[in-house]
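Here is how the chains run, residue by residue.
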Amino acid sequence: MELLKIENLHATIDGKEILRGINLNINAGETHAIMGPNGSGKSTLSAVLAGNPAYTVTEGSVRFNGKDLLGLTPEDRAHEGLFLSFQYPVEIPGVSMTNFMRAAVNEKRRYQGLAPLSSGDFLKLMRQKKQIIDIDANLTNRAVNEGFSGGEKKKNEIFQMAMLEPTLRILDETDSGLDIDALRVCADGVNRLKQPDNATIVITHYQRLLDYIVPDFIHILYRGRIVMTGGKELALELEEKGYDWIKKQFQD
Amino acid sequence: MSEVNDNVLALVRAHNKSRDTRAAAIECYERLGMPGTDCEAYRFTDMARMLPVRSIHKTAADTPKAGADGHIRIVDGRLATPPEANAHFSIAETGIDNAPDAFESVAPGVSDGMVALNTSLAEACIHLHIKSATALDAPLVVDIDFTTAPGQLVSPRLLLTSGVDSDARIVLRQTSRTAASVNMVTEVHLAEHARLEVVTVQDFAPDAAVVNGLYCAQEADTTLSLTLASLGCRLTRNSVEASFDGERSHLDLNGICLTQGSQHTDNHTRIRHLKPGCTSGELFKGILGGQSTAAFTGMVLVADNAQKTEALQTNRNLLLSPQAKADTRPQLEIYADDVRCSHGATVGQLDAEQLFYMQARGIGLDQARRLLTEAFAADVIERIGDETTRATVREAIGTRLETLTQQ
Ligand SMILES: Nc1ncnc2c1ncn2[C@@H]1O[C@H](COP(=O)(O)OP(=O)(O)O)[C@@H](O)[C@H]1O
Ligand SMILES: [Mg+2]
């Protein structure tokens, strides 16, 4: 079943074109990796899919669950099952993780026509999901990401993903800034939450993460376009030859 | 200026027959008049234009009825039947000319037109005294209600005194359902070793115009915590002054104001470090929507003998709309050399990245704005020492923010 269909997507920020015609189809059950040198537009693609208002889509279309994704507000994209694990999770001093998650879970339930969770049921759900990602119990008593270490922030993203059970999981550089143990915990969480009806986009600079989250397809993004698509062996080739190999081939 | 207010002086004269305190106050008002923006302390608020005075409220002969909630109640400047005599505090109403000694000892009637006007017109001095060497567990709630018609100036006068080594919390809940014109003065005096918290909640009808003077004096070894939670009405002017008249005392002065539509709030604060070894911490925050305006003035005076003074001041403003405007003005006058003083002021908007992060988790824009705005207000509320009062204030602000944060 086709979950996401991106056609000829162009997007700009502050008048500068970053995405220059992206095409990508993703079916339920699949894992796609997007690799590419720094600055090639990987985070831009994830931000545009999630609906960050800082970016302007100038051309193209995106269908998600058969709906026009670009016509939805960021919150409705989340309610429809899209989840972005941020490369740089945002700190929100003064807003507790509990209040933040309660609002997120209940707004999604409202969208689905369900009653809000009772306080007891909500806390039970939090406890249950915390186990999946082995997150420090104290983190959920603190303000959202405030004072979290790099690893804690990334774990917290996966924890939020566990709470919201999305159908399309976009992981933007989840591996950056993680030591090998934290990387394994995050990857395990992602794998355990994998379902036949959901799909994953893993954005990464390095091959390392793909040992843990094994992709069905690898796409190389360079200068706002997907310039190469292959199986998981493409990551090894890239590891061996380096990004210069891509840069030379697709200079312009 | 305003045609409406040109005849206030005539009204004041007609209202008063004789009496010394009054006569002196009227003389002062005659000299000072209703302050306009040419008056430095009222630079951001033209009283003559903003405070409608068409007539002077004359209180009823009957004593207003007390509520069943055990609160002390003041209606249109008059004390309702007070609670029974109490081991911890006393409350009484007197006329202006036989008011207790502490009356007029703190408020600057000779230099501030609004104080002089209040003294000229107040029909009673309501005196709440916390007895020496007592500690009150529960906060004393004083409901200060206004029922007066628009343009009818009402001038309540309150005196709060804390006895030696007393410990108390007082909540002043100012409310109106009418577009009242209010010019209230409260004097606060702390005797040695007293600890007092005063939380003022201003919850007026949207068209009310309120001038609220809070004048405090602290003897040695005292701790005073003042919080002003102004939920917003057409005009809110808070004039807060606190003087250290003894050594080793501490003042916390906190405020949070919400404004929307075309409302205006002017918090004018002045802390006078006159004695050595005193500390003051000041935190004021403004949350502004619509085309509303808010001004903050933070005057801090450190006299030449007031060594080892510590005075920290912060003012932060959150503009929820591009048309809202905040003015902030720190004014530090420091004549001593061994002091630690700091001030900081910011005017900003909600953070776009934080908003997007919340939206990306499915939290709608209105709710995201509300959560972030509540977070902005939180540290002022957290500074309220009394837990019940803190919860009440948090809820009142939360309710008001629901409408304020909607786009
Ligand atoms: N506000 C901005 N104005 C102009 N260019 C920007 C802005 N923000 C990001 N960019 C540019 O967009 C490009 C893509 O960035 P990004 O999507 O973060 O790349 P990646 O995630 O692949 O490293 C970079 O060249 C970056 O400099
Ligand atoms: Mg990136």
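Conventions and cut-offs
- Residues numbered from 1 in each chain as written.
- Chains lettered and ligands numbered in written order.
- Predicted model: local features only at pLDDT ≥ 70, side-chain atom pairs only at ≥ 80, totals over all residues.
- Heavy atoms only, no water.
- Helix = DSSP H or I, 4+ residues; strand = E, 2+ residues; numbered from the N terminus.
- Rg over C-alpha atoms; globule rule 2.2 N^0.38 Å.
- Buried < 20%, exposed > 50% of the residue type's maximum accessible area, 1.4 Å probe, protein only.
- Contact = heavy atoms within 4.5 Å.
- Areas by Shrake-Rupley, 256 points an atom, 1.4 Å probe, with all protein chains shown as cover.
- Buried area = accessible area lost by both parts, 1.4 Å probe.
- Salt bridge = Lys/Arg side-chain N within 4 Å of Asp/Glu carboxyl O.
- Polar contact = N/O pair within 3.5 Å; in protein donor to acceptor, adjacent residues only side chain to side chain.
- Nonpolar A, V, L, I, M, F, W, Y, C, P; charged D, E, K, R; others polar.
- Donors = N, O, S within 2.8 Å, 3.2 Å for Na, K, Ca; no water.
- Pairing = 2+ DSSP bridges.
- Axes fitted to C-alpha atoms, helices over the stretch in contact; angles between N-to-C directions.
- Near = heavy atom within 4 Å.
- Disulfide = S-S within 2.5 Å.

It is not clear to me how the overall build of chain B should be interpreted in this structure. Could you clarify?
If you tally the helices and strands in chain B, you get seven helices and 21 strands. Taking 407 residues into account, the globule formula puts the C-alpha radius of gyration at 22 Å, and chain B, at 21 Å, falls close to it. For the C-alpha atoms alone, the extent of chain B along its principal axes is close to 70 × 50 × 45 Å. Residue burial in chain B is summarised as follows: out of 407 residues, 58% are buried. Sequence-distant contacts in chain B: of pairs separated by 6 or more residues, those separated by 24 or more amount to 84%. If you sum the accessible surface of chain B, you get close to 15800 Å²; carbon and sulfur atoms cover 48% of it.

Is there a simple way to think about the interface of chain A and chain B in this case?
The partner chain B presents 16 residues to the 29 residues of chain A that form the contact. Interface of chain A and chain B: buried area, both sides summed, is about 1800 Å²; carbon and sulfur atoms make up 67% of it. For the pair chain A and chain B, the number of links is one salt bridge. The residue glutamate 157 of chain A makes a salt bridge to arginine 361 of chain B at a minimum N-O spacing of 2.7 Å. Counting the contacts that link chain A with chain B gives 11 residue pairs in polar contact (both at pLDDT 80 or more). Those elements giving two or more residues to the side of chain A that touches chain B turn out to be helix H1 (42-50), helix H2 (74-79), strand E6 (82-85), strand E7 (92-96), helix H3 (97-111) and helix H5 (150-164) of chain A. In the side of chain A that touches chain B, the residues fall into 18 nonpolar, seven polar and four charged.

Any chance you could explain the coordination of the magnesium ion (ligand 2) here in plain terms?
Under ideal tetrahedral coordination, the four donors around a metal are separated by 109.5 degrees; under ideal octahedral coordination, the six donors are separated by 90 or 180 degrees. At the metal site, the magnesium ion (ligand 2) is ligated by Ser43 of chain A (OG) and Gln87 of chain A (OE1), and these contacts range over 2.1 to 2.2 Å. Of this pair, serine 43 of chain A sits in helix H1 while glutamine 87 of chain A sits in the loop between E6 and E7, and the two are 44 residues apart along the sequence.

How should I be thinking about the sheet that holds strand E17 (residues 279-288) of chain B in this particular structure?
The strands making up a sheet associate through hydrogen bonds between their backbones, and the pairing can be parallel or antiparallel. All names here are of chain B. Within the open sheet, the 10 strands sit side by side as E3-E2-E6-E9-E11-E13-E15-E17-E19-E21. Their pairing is mixed. The two strands at the open ends of the sheet, each matched to only one other strand, are strand E3 (78-79) and strand E21 (339-348). In the sheet, strand E19 (residues 309-319) pairs with E21 via 10 bridges, with the strands oriented parallel. Across the sheet, asparagine 315 pairs through a bridge with alanine 345, a residue of E21. Sitting on the sheet, helix H6 (residues 365-382) is in contact with strand E15 (250-259), E17 and E19, with an inclination near 160° to E17. Against the sheet, helix H7 (residues 387-404) touches strand E9 (167-176), strand E11 (195-203), strand E13 (223-230), E15 and E17, its axis set at about 25° to E15.

Mind showing me how you'd approach the side chain of histidine 127 of chain B here?
All names here are of chain B. Relative to the elements of secondary structure, histidine 127 occurs in strand E5 (residues 125-130). Judged by relative accessible area, histidine 127 falls into the buried class, the value being 18%. Separated by 2.8 Å, the side chains of histidine 127 and threonine 161 make a polar contact. Residues in contact with histidine 127, not counting those within four places in the same chain, are Ser90, Ile91, Ala92, Pro100, Leu159 and Thr161.

What am I meant to see in the pattern of salt bridges here?
Oppositely charged side chains can form a pair if their charged atoms are brought close together. All names here are of chain B. Within this structure, the stated rule accounts for 28 salt bridges over all chains. When the shortest N-O distance is used, the salt bridge between arginine 157 and glutamate 187 registers 3.0 Å. Within this pair, whereas arginine 157 is found in strand E8 (residues 157-162), its partner glutamate 187 is found in strand E10 (residues 181-190), the two being separated by 30 residues in sequence. Classification of arginine 157 by relative accessible area gives buried; the value is 1%. A relative accessible area of 0% places glutamate 187 in the buried class. The residue aspartate 266 makes a salt bridge to arginine 237 at a minimum N-O spacing of 3.0 Å. Residue aspartate 266 is located in strand E16 (residues 264-273), and its partner arginine 237 is located in strand E14 (residues 235-244); the two are separated by 29 residues in the primary sequence. For the pair aspartate 266 and arginine 237, one class covers both residues: buried. One continuous salt-bridge network, built from bridges that share partners, spans Asp165, Asp167, Arg169 and Arg195.

It is not clear to me how the site of ligand 1 should be interpreted in this structure. Could you clarify?
All names here are of chain A. Taken together, the residues surrounding ligand 1 are Ile13, Asp14, Lys16, Ile18, Pro37, Asn38, Gly39, Ser40, Gly41, Lys42, Ser43 and Thr44. Glycine 41 is positioned such that a nitrogen or oxygen atom in its backbone is 3.0 Å from an oxygen atom of ligand 1. Here an oxygen atom of ligand 1 sits 2.9 Å away from a polar atom, N or O, in the main chain of serine 43. Within the complex, 65% of the 570 Å² of free accessible area of ligand 1 lies under protein.

Would you mind going over the state of the cysteines with me for this structure?
One way to say it: the disulfide is the covalent bond shared by the sulfur atoms of two cysteines. Residue and element names in this part refer to chain B. With the rule as written, the count across this model stands at zero disulfides over all chains. Cysteine cysteine 233 remains unbridged, with the sulfur of cysteine 257 as its closest cysteine sulfur at 11 Å. Of all cysteine sulfurs, the one in cysteine 341 lies closest to cysteine 278, which takes part in no disulfide; the gap is 12 Å.

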